[in-house]
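This is what each chain is made of:
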Amino acid sequence: MKDDTMDNPLSEWLEQRGMRAPFRYDLPLFEALNTYYADKPLVPAPREISSKGLFSQADTRVDHLLTLLASFENLECLEVGCGRGETAVRLAQRGGCGVTGVDITRYAEWEGRWSARTRFLPLDITHEAPFRAGSFDFIYSFVVLEHVVDPLAMLEKIYTLLKPKGTFYFTANLYRGPMASHRYREVFFPWPHLLFGDTVFEEYYQQIGFVGKHKPAWVNKLTHLHYIEKMRTLGLQILRCNYTRRPLDVFFYECFHDILGKYPREDLELDFIKLHTVKK
């Protein structure tokens, strides 16, 4: 029988360092994988975390939002998980619409970003209901729903808040995707959150001198099919469904098949789902 590891450069590299299947998913393996992938990181150029970088990202997002409707003029919009408010500000400016941004965290930047067309509220719409049913023409959310403890309940609330024929657009990072740990600035290999426990992450961050706890970001376990089925159950017509895909790292997958083989290969390739829907 052919040894499946013979033609796998990652397996051979690990074996040269005394590591071979069945692997111990511990700090030495974590560090070894980070060394191997250091010159080919999962995200070669992470976005800049600054006002300039965040507004640049907001403009890119608004570029896309403006393609979804014929006009945003005088529409009432809701951003779920607005963060510091850059996207809300840009959509109001460029779309000529009103935008309400909500987030469970109150940000200091909000004070300077209120205007006749933008307002910001610290709340969780799943449990707090300051808006009447059918208040919004357009609701959108960027990479927030994956962090929600009860995302299906939040989707039900969003449906209630939409006007008839209202539009809902969202993107969500998928748990089984290679980037879902959100630690790609320091962790360069794919699916670290599927292979390693929180304790190993914390040990690694201590090793590299980061103070405090550094676990993978908490991401709920919804798959792309869960989102699609919920849209249909609610009565939202799917106008477009796109994905951000990443080709499967076959050598990595084969090396750690004992864990990764438990998931559909398609799910391991999907980083983000992007759904554009309308209320029937």
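Residues numbered from 1 in each chain as written. Predicted model: local features only at pLDDT ≥ 70, side-chain atom pairs only at ≥ 80, totals over all residues. Heavy atoms only, no water.

## As for the overall build of the protein
Stage number 1. Scanning the protein for helices and strands turns up 11 helices and 7 strands.
Stage number 2. Along the first, second and third principal axes, the C-alpha atoms of the protein reach 65 × 40 × 30 Å.
Stage number 3. Put simply, the protein has 280 residues, and 50% of those count as buried.
Stage number 4. A separation threshold of at least 6 residues defines the contact pool for the protein, and within that pool the share at least 24 residues apart is 71%.
Stage number 5. Per element, the accessible surface of the protein, about 14100 Å² overall, is 51% carbon and sulfur.
Stage number 6. Once the 35 positive and 36 negative side-chain charges of the protein are each reduced to a mean point, those two points are 6 Å apart. (Helix = DSSP H or I, 4+ residues; strand = E, 2+ residues; numbered from the N terminus. Buried < 20%, exposed > 50% of the residue type's maximum accessible area, 1.4 Å probe, protein only. Contact = heavy atoms within 4.5 Å. Areas by Shrake-Rupley, 256 points an atom, 1.4 Å probe, with all protein chains shown as cover. Lys, Arg positive; Asp, Glu negative; His and termini not counted. Charge placed at Lys NZ, Arg CZ, Asp CG, Glu CD.)

## A word on the pairing of strand 5 (residues 162-173)
Stage number 1. Summarising burial for strand 5: 9 of the 12 residues are buried, a large majority.
Stage number 2. For strand 4 (residues 136-142) and strand 5, the ladder comprises 6 bridges, and the chain directions are parallel. Paired with Phe138 across the bridge in strand 5 is Thr167.
Stage number 3. Where the polypeptide runs from strand 4 across helix 5 (residues 151-161) and back to strand 5, its parallel neighbour, the crossover connection is right-handed. (Pairing = 2+ DSSP bridges. Right-handed = clockwise from strand over helix to strand, strands pointing away.)

## Considering the environment of Tyr159
Stage number 1. The residue Tyr159 is located in helix 5 in this model.
Stage number 2. Residue classification places Tyr159 among the partly exposed residues on the basis of a relative accessible area of 23%.
Stage number 3. Spatially, the C-alpha atom of Tyr159 lies 17 Å from that of Glu146, the residues being 13 residues apart in sequence.
Stage number 4. Every residue in contact with Tyr159, bar those within four places of it in the chain, is listed here: Leu234, Gly235, Leu236 and Lys279.

## Structural notes on the environment of Leu10
Stage number 1. For Leu10, the position within the fold is in helix 1 (residues 9-16).
Stage number 2. The sequence separation of Leu10 and Thr60 amounts to 50 residues, and the corresponding C-alpha distance is 37 Å.
Stage number 3. In contact with Leu10, other than residues within four places in its own chain, are Leu33, Tyr36, Tyr37, Phe251, Phe252, Cys255 and Phe256.

## Some thoughts on the side chain of His224
Stage number 1. Considering the arrangement of structural elements, one finds His224 in helix 8 (residues 224-234).
Stage number 2. Among the polar contacts made by the side chain of His224, one reaches the side chain of Asp267 at a distance of 3.3 Å.
Stage number 3. Apart from residues no more than four positions distant in its own chain, His224 is found in contact with Leu174, Tyr243, Glu266, Asp267, Leu270 and Ile273. (Polar contact = N/O pair within 3.5 Å; in protein donor to acceptor, adjacent residues only side chain to side chain.)

## Remarks on the side chain of Asn220
Stage number 1. In this fold, Asn220 is placed in the loop between helix 7 (198-207) and helix 8.
Stage number 2. Of the residues examined, Asn220 reaches a relative accessible area of 6% and is grouped as buried.
Stage number 3. Engagement of the side chain of Asn220 in a polar contact is seen with the backbone oxygen of Val148, the distance being 2.9 Å.
Stage number 4. Side-chain polar atoms of Asn220 contact the backbone nitrogen of Leu222, separated by 3.3 Å.
Stage number 5. Sequence-distant contacts of Asn220, defined by excluding residues within four places in its chain, comprise Leu145, Glu146, His147, Val148, Pro151, Tyr175 and Tyr227.

## Some thoughts on the pattern of salt bridges
Stage number 1. Taken as a whole and judged by the stated rule, the model has 12 salt bridges.
Stage number 2. The salt bridge involving Lys40 is made with Asp39; its shortest N-O contact spans 3.3 Å.
Stage number 3. The exposure class of Asp39 is exposed, given its relative accessible area of 65%.
Stage number 4. Notably, a salt bridge pairs Asp267 with Arg176, separated by 2.5 Å at the nearest N-O pair. Within this pair, whereas Asp267 is found in helix 11 (residues 265-269), its partner Arg176 is found in the loop between strand 5 and helix 6 (192-195), the two being separated by 91 residues in sequence.
Stage number 5. For Asp267, a relative accessible area of 8% translates into the label buried.
Stage number 6. Linked through salt bridges whose partners overlap, the residues forming this network are Asp59, Asp63, Arg90 and Arg94. (Salt bridge = Lys/Arg side-chain N within 4 Å of Asp/Glu carboxyl O.)

## Here we look at the sheet that holds strand 1 (residues 76-80)
Stage number 1. In space, the 7 strands of this open sheet follow the order 3-2-1-4-5-7-6, with mixed pairing throughout. Taken across any chain shown, the strands that pair with only one partner, and hence form the sheet edges, are strand 3 (118-122) and strand 6 (236-245). Adjacent strand axes in the sheet meet at a mean angle of 15°, parallel and antiparallel pairs treated alike.
Stage number 2. Sheet topology note: the strand 6/strand 7 (residues 270-279) ladder contains 9 bridges and is antiparallel. The residue of strand 7 that forms the bridge with Tyr243 is Ile273.
Stage number 3. Its contacts with the sheet place helix 3 (residues 51-65) against strand 4 and strand 5, and it is angled at close to 135° to strand 4.
Stage number 4. Along the sheet face, helix 5 touches strand 1, strand 4, strand 5, strand 6 and strand 7 and points at about 150° away from the line of strand 5. (Axes fitted to C-alpha atoms, helices over the stretch in contact; angles between N-to-C directions.)

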